[in-house]
Amino acid sequence: MPSNRIGRINEEIQRELSDQLRRLKDPRVSQTGMVSITRVDTTGDLRYARVYISVLDKSQEKDVLQGLKSAAGFLRRELGRALQLRYTPQLQFIADDSILHGAHILEVLRQVERQDEERAAEDGTPETEA
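Thresholds applied
- One numbering rule holds for all chains: residues counted from 1, following each sequence as written.
- It should be noted that, the model being predicted, local features are given only for residues of pLDDT at least 70 and side-chain atom pairs only at 80 or more, the latter also being counted only at that level, while totals for whole chains, interfaces and linings use all residues.
- Computation of side-chain values: all heavy atoms of the structure, hydrogens and water removed.
- Each residue carries a pLDDT score, the predictor's confidence in it, ranging from 0 to 100.
- Elements are defined by DSSP. Helices are runs of H or I of four residues or more, strands are runs of E of two residues or more, and each kind is numbered from the N terminus.
- Burial status follows relative accessibility: with a 1.4 Å probe on protein chains alone, a residue under 20% of its type maximum counts as buried, one over 50% as exposed, and anything between as partly exposed.
- As used throughout, the charge tally considers Lys and Arg to be positive and Asp and Glu to be negative, leaving His and the chain termini uncounted.
- Each salt bridge in this description consists of a side-chain nitrogen of Lys or Arg and a carboxyl oxygen of Asp or Glu lying within 4 Å of one another.
- In this analysis, two residues are considered to be in contact whenever any of their non-hydrogen atoms come within 4.5 Å of each other.

### As for the confidence of the model for the protein
Part 1 of the reasoning: Residues with a pLDDT of 70 or more make up 93% of the protein, whose mean pLDDT is 87.
Part 2 of the reasoning: Put simply, helix H5 (residues 98–123) is where the protein has its lowest mean pLDDT, 87, and strand S3 (residues 90–95) is where it has its highest, 95.

### A look at the side chain of Glu16
Part 1 of the reasoning: Mapped onto the elements, Glu16 comes out in helix H1 (residues 3–23).
Part 2 of the reasoning: Buried charge without a partner: Glu16 forms no salt bridge, and the closest opposite charge is Arg23, 5.0 Å away.
Part 3 of the reasoning: In this structure, Glu16 is in contact with Leu79 and Ala82, ignoring residues within four places of it in sequence.

### Considerations on the side chain of Asn10
Part 1 of the reasoning: Here Asn10 shows up in helix H1.
Part 2 of the reasoning: When sequence neighbours within four positions are dropped, the list of residues in contact with Asn10 reads Val40, Asp41 and Thr42.

Spelled out as structure tokens, the structure:
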């Protein structure tokens, strides 16, 4: 199976699951604020899918993952109806910290930039852009 087809299927799964999350009645998921699916990776045979989840309020992340785990059968069934694949993958929900990690890197870069500006001001040398 060509990898671009799997990529399209991953995108379809992500889009459909995002839609299903909005309709999920489990309070651990529906009452937590913002829950996003950041990425979906399926195996080549489409039997398994890792669904990466980002939760705005990190203190509720564990509850959200438990809610999604308990709703996995329902979500899989709805996914099968919507996408009509030969196999509907088993869903595994995983916390995705990439957004938090990216924000941390951005903050570190800003600190370095401020330190460079302070050093340039102390030395009396004009800043040069790279």
